[in-house]
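Descriptive structure summary
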Amino acid sequence: MSLFLIIDILGTISFSISGVLTALKKKMDPFGILIIAFVTGAGGGTLRDLLIDANITWMRNLTFVYVIFGAAVVAVIFRKKLGYVRKSLFLFDTIGIALYTIVGVEKGIAAGFPPLICVALGTMTACFGGVIRDILCNEIPVIFRKEIYATACILGGTVYFLLLKTSLSKDFIVIISGSIVIIIRILAVTFKLSLPSIYSKKEMSEE
Amino acid sequence: MSLFLIIDILGTISFSISGVLTALKKKMDPFGILIIAFVTGAGGGTLRDLLIDANITWMRNLTFVYVIFGAAVVAVIFRKKLGYVRKSLFLFDTIGIALYTIVGVEKGIAAGFPPLICVALGTMTACFGGVIRDILCNEIPVIFRKEIYATACILGGTVYFLLLKTSLSKDFIVIISGSIVIIIRILAVTFKLSLPSIYSKKEMSEE
Amino acid sequence: MSLFLIIDILGTISFSISGVLTALKKKMDPFGILIIAFVTGAGGGTLRDLLIDANITWMRNLTFVYVIFGAAVVAVIFRKKLGYVRKSLFLFDTIGIALYTIVGVEKGIAAGFPPLICVALGTMTACFGGVIRDILCNEIPVIFRKEIYATACILGGTVYFLLLKTSLSKDFIVIISGSIVIIIRILAVTFKLSLPSIYSKKEMSEE
């Protein structure tokens, strides 16, 4: 099993668990929990594949269906212990969005889309599973409101394209742009960074 | 007109009416009511067809568009009387999800998807119109929270695949697996069964 | 640059700004605002293209991506001044939905769909960006509840088909049916018309 695949599976596990946690907060039943875990893990890639008119991977290759459902069942059973592995989960999630971003960008390139759209497809792959999760749970998507999350993916995807114009090898480009996503995300969480607020204090207190 | 088609139309009518009832509760205007009726009746199949990259039936064959809009108009006019036919509606709905499940499973088989995905496509056909209805009405989808509804479809779809390995005729397989959906759903409603709660009393009272 | 394209761009700008205004009300961050602006401007056409299995225009031709993002950035910066151009915005929006309706109807005709579906595709092109905007902002779509908005598009699209049976030139048909959308919308806003309420006073006070 390649390192690439292991990382992909770890990322998917962390997405699935994030879906389980959101569904548990909404007191969903076991069926609802599995669906939310699934859309969190697979929703971003599915939306991307619909938009670029590609085959949807999980419908032909069941590996990730099993990974998502397996992770969801384990997460439900050990839900009270999830606090103890919070840091590992954050790390998996961060590596996961880096990888998903690159997968999305590369699928866009392979289908011949312009760079801006490829970066958007990468960001969508990494972030829109969480958007669909939040919509199904009747929340405004969290990545629209706070935290540097999508921004890390956008920057990583952009660096990918800048490096494509250099003579660097493909492996290096992947490692560097993936690391950009990871480093920005870790810095953002460590220093509680978010995008600069465009609201004045007065605007925030209105509502 | 075949029995199959009659059942399909009756199921679609009951879905349409369920959409009307939800839209009325939200005080939607006539346009909103028609849209909600339509997505409730046709949304599950549409999502399935998008995922398997098939032609969307109602866009070429208008029969079901007329059925859904006709049922919606009648339901709005006689909305105060709908209580009297509640039991018929429940029966139509139950037969409807059984039929939609089998239609979805068979479309998946025809397109060469693995059994697990076919069962998912059947369940999606039967249940996701209601999911889209609830999202458009700004509610957490009811089938994620309570009631044995999707579960009946999953079990019926699974039985379909198990019977495919026997020497039973196709008609028998359809009848038996469809009956499984219907019986489970009727038992669940009659005895007020739901999926086993995974929440302790303490968890339920938190929130 | 043709008049057609200028109108299209003005309409897209007004959709983008309407997205910005909704996102600002929800106190979204800059990333969220851009996404909401984008789905408001491009969501209806994207949904249409998914349903008719056509290429999604903005993924190959970036003009509208730049227009939407440019309008969104300007709208955020001058958000306190937007009140002064309210009337221009309304006019752009109204011309925009007229144009989007006709674009959608014509795409449907080109793909060989029946008239009823073509009118639905036109209405979807004009109105469903706003529906997706409202769902992402956790609101019941405003066009399902009040205002003559979709209705204007439906009537304009229907007139388009009626005129196709006459010997009028294509340009005339476009101008007349587009004007129908614009006139109905302006009359509705001027005289505060909405679809006839189907609710009795008693029903409205229940809730």
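Reading the values: rules and limits
Within each chain, residues carry numbers counting from 1 in the order of the written sequence. Working convention: letters from A go to chains and numbers from 1 go to ligands, in the order in which they are written. Given that the model is predicted, a residue must reach a pLDDT of at least 70 before its local features are reported, and side-chain atom pairs must reach 80 or more before they are shown or counted; all residues, however, enter totals for whole chains, interfaces and linings. The side-chain values count all of the structure's non-hydrogen atoms but skip hydrogen atoms and water molecules. UniProt positions are given in the numbering used here, feature names are shortened, and annotations may be inferred rather than shown by experiment. A run of H or I in DSSP becomes a helix once it reaches four residues, and a run of E becomes a strand once it reaches two; helices and strands are each numbered from the N terminus. In what follows, a contact means two residues having at least one pair of non-hydrogen atoms within 4.5 Å. In this description, buried area is defined as the sum, over both parts, of the accessible area (probe of 1.4 Å) that is lost when the two are combined. Note on definitions: salt bridges are taken to be side-chain nitrogens of Lys or Arg within 4 Å of carboxyl oxygens of Asp or Glu. N or O atoms within 3.5 Å of each other form a polar contact, as long as, within protein, one can give a hydrogen and the other can take it, and as long as residues adjacent in sequence are counted only when both atoms are side-chain atoms. Throughout this entry, Asp, Glu, Lys and Arg are counted as charged residues, while Ala, Val, Leu, Ile, Met, Phe, Trp, Tyr, Cys and Pro are counted as nonpolar. The remaining residues, Gly among them, count as polar. Relative accessibility decides the category of a residue: with a 1.4 Å probe and only protein chains considered, values under 20% of the type maximum give buried, values over 50% give exposed, and everything between is partly exposed. Aromatic contacts are taken between Phe, Tyr and Trp rings whose centres are within 6.5 Å, Trp giving its six-membered ring; a plane angle under 30 degrees counts as stacked, one over 60 as edge-to-face, and the others as tilted. Distance and angle both matter: a charge sits over a ring if NZ of Lys or CZ of Arg is within 6 Å of the ring centre and within 35 degrees of the ring normal. The convention used is that axes are lines fitted to C-alpha atoms, helices contributing only their stretch in contact, and that angles between N-to-C directions extend from 0 to 180 degrees. Here the angle decides the label: under 35 degrees means roughly parallel, over 145 means roughly antiparallel, 65 to 115 means roughly perpendicular, and every other value means oblique. By definition, any crossing whose near helix is turned counterclockwise from its far helix by less than a right angle is left-handed, and any crossing with a clockwise turn is right-handed. In this analysis, a patch consists of residues with relative accessible area above 30% that form no salt bridge, clustered at 9 Å for like charges and at 5 Å for the nonpolar side chains Val, Leu, Ile, Met, Phe, Trp and Tyr. With residues, only the protein chains shown are counted as cover, and all accessible areas are computed by Shrake-Rupley using a 1.4 Å probe. Least-squares superposition aligns the copies on the C-alpha atoms of those residues with pLDDT at or above 70 in both. In this scheme, a helix's expected span is set at 1.5 Å multiplied by one less than its residue total.

Residue and element names in this part refer to chain A. Under the feature "transmembrane region" (unreviewed entry), the UniProt entry names residues 6–24, 31–52, 58–77, 89–105, 111–136, 148–166 and 172–195. In the segment residues 6–24, helix accounts for 100% and strand for 0%; the C-alpha atoms at its two ends are 27 Å apart. From the first C-alpha to the last, residues 148–166 spans 28 Å; its make-up is 79% helix and 0% strand.

Attention now goes to the interface of chain B and chain A. Interface extent is often summarised as the accessible area lost during association of the parts. Between chain B and chain A, the contact holds 34 residues from the first and 30 residues from the second. Both faces combined, the contact of chain B with chain A buries some 2600 Å², and carbon together with sulfur accounts for 68% of it. Linking chain B with chain A are 0 salt bridges, by the criterion used here. At the junction of chain B with chain A, the criterion picks out 5 residue pairs in polar contact (both at pLDDT 80 or more). Those elements that place two or more of their residues in the side of chain B that touches chain A are α2 (30–51), α6 (115–136), α7 (150–164) and α9 (201–205) of chain B. If one sorts the elements of the side of chain B that touches chain A by residue count, α6(B) sits on top with 7 residues. Residue composition of the side of chain B that touches chain A, by class: 23 nonpolar, 4 polar and 7 charged.

Residues and elements named next belong to chain B. Considering the arrangement of structural elements, one finds aspartate 134 in helix α6. Residue class for aspartate 134 comes out buried when judged on its relative accessible area of 6%. For aspartate 134, the contacting residues outside a window of four places in its chain are Glu139, Ile140, Pro141 and Val142.

With that settled, consider the packing of aromatic side chains. Working definition: an aromatic ring pair is given by the centre-to-centre distance plus the angle between the planes. This model, assessed by the stated rule, comprises 15 aromatic pairs over all chains. Their ring planes at 85° and their centres at 4.8 Å tell us that B:Phe38 and B:Trp58 sit as a pair that is edge-to-face. Separated by 20 residues along the polypeptide, B:Phe38 in helix α2 and B:Trp58 in helix α3 (residues 57–60) bring together distant segments of the chain. In this pair, the class of B:Phe38 matches that of B:Trp58, namely buried. Arranged with centres 4.8 Å apart and planes meeting at 65°, the rings of C:Phe15 and C:Tyr100 form a pair that is edge-to-face. With C:Phe15 in helix α1 (residues 3–25) and C:Tyr100 in helix α5 (residues 86–110), this pair connects stretches of sequence that are 85 residues apart. With respect to burial, C:Phe15 and C:Tyr100 carry one shared label: buried. Through successive ring pairs, a cluster of aromatic residues spans A:Phe38, A:Trp58 and A:Phe69. A:Arg60 extends its terminal NZ or CZ atom over the ring of B:Phe113, reaching a point 3.9 Å from the ring centre.

The next subject is the interface of chain B and chain C. At the interface, 30 residues of chain B touch 34 residues of chain C. Both faces considered, chain B and chain C share a buried interface measuring about 2600 Å² in area, 68% of it formed by carbon and sulfur atoms. It is B:Lys27, B:Phe31 and B:Met59 in chain B that bury the most area against chain C; as a group they hold 28% of the surface buried on that side. Taken together, chain B and chain C are joined by 0 salt bridges. The interface formed by chain B and chain C holds 5 residue pairs in polar contact (both at pLDDT 80 or more) in total. Those elements giving two or more residues to the side of chain B that touches chain C turn out to be α1 (3–25), α2, α3, α4 (63–77) and α6 of chain B. Partitioned by chemical class, the residues of the side of chain B that touches chain C number 19 nonpolar, 3 polar and 8 charged.

Here we take up the packing of helix α2 (residues 30–51) of chain C against helix α4 (residues 63–77) of chain C. Residues and elements named next belong to chain C. Running from amino to carboxyl end, α2 crosses α4 at an angle of 130°, the nearest separation of the two axes being 9 Å. Relative to α4, α2 is oriented oblique. Viewed along their axes, α2 and α4 form a crossing whose handedness is right-handed. In this structure, α2 uses Ile33, Leu34, Ala37, Phe38, Gly41 and Ala42 to contact α4, whose residues at the interface are Val65, Ile68, Phe69, Ala72 and Val76. Considering only residue class, the contact of α2 with α4 consists of 10 nonpolar, 1 polar and no charged.

Turning to a nonpolar patch on the surface, a few remarks are in order. Residue and element names in this part refer to chain A. Together, Val73, Val74, Ile77 and Phe78 give the surface a local cluster of nonpolar side chains, amounting to about 370 Å² of exposed area. Relative to the assigned elements, isoleucine 77 resides in helix α4 (residues 63–77). Residue isoleucine 77 is classed as exposed on the basis of its relative accessible area, which comes to 58%.

Attention now moves to the relation of the copies chain B and chain C. Overlaying chain B with chain C gives an RMSD of 0.0 Å, the required rotation being 120° about an axis along which the chain moves by 0.0 Å. A rotation of that kind, with that shift, is consistent with a three-fold axis. No C-alpha of chain B lies nearer the rotation axis than that of B:Asn138, which sits 3.8 Å from it.

Looking now at the UniProt feature "domain: Glycine transporter" (unreviewed entry) in chain A. The positions that UniProt labels "domain: Glycine transporter" (unreviewed entry) are, in the present scheme, residues 6–79 and 91–163 of chain A. As a span, residues 6–79 of chain A carries 82% helix and 0% strand, and end to end its C-alpha atoms are 23 Å apart.

The next subject is helix α7 (residues 150–164) of chain A. Here α7(A) contains 15 residues, and its C-alpha end-to-end distance of 21 Å stays within 8% of the 21 Å for a straight helix at 1.5 Å per residue. For α7(A), the set of buried residues is A:Ala150, A:Thr151, A:Ala152, A:Cys153, A:Gly156, A:Gly157, A:Tyr160, A:Phe161 and A:Leu163. Elements in contact with the buried residues of α7(A): α5 (86–110), α6 (115–136) and α8 (170–190) of chain A together with α2 of chain C.

Take the side chain of B:Ser14 next. Counting through the fold element by element, B:Ser14 comes out in helix α1. A residue is classified by how much of its surface remains accessible, and B:Ser14, at 4% relative accessible area, is buried.

To continue, consider the relation of the copies chain B and chain A. Two chain copies here: they are related by a rotation about an axis and a translation along the same axis. When chain B is fitted onto chain A, the two copies agree to an RMSD of 0.0 Å after a turn of 120° and an axial shift of 0.0 Å. Taken as a fraction of all interface residues of chain B, those also at the interface in chain A reach only 12%, which identifies the copy contact as different-surface.

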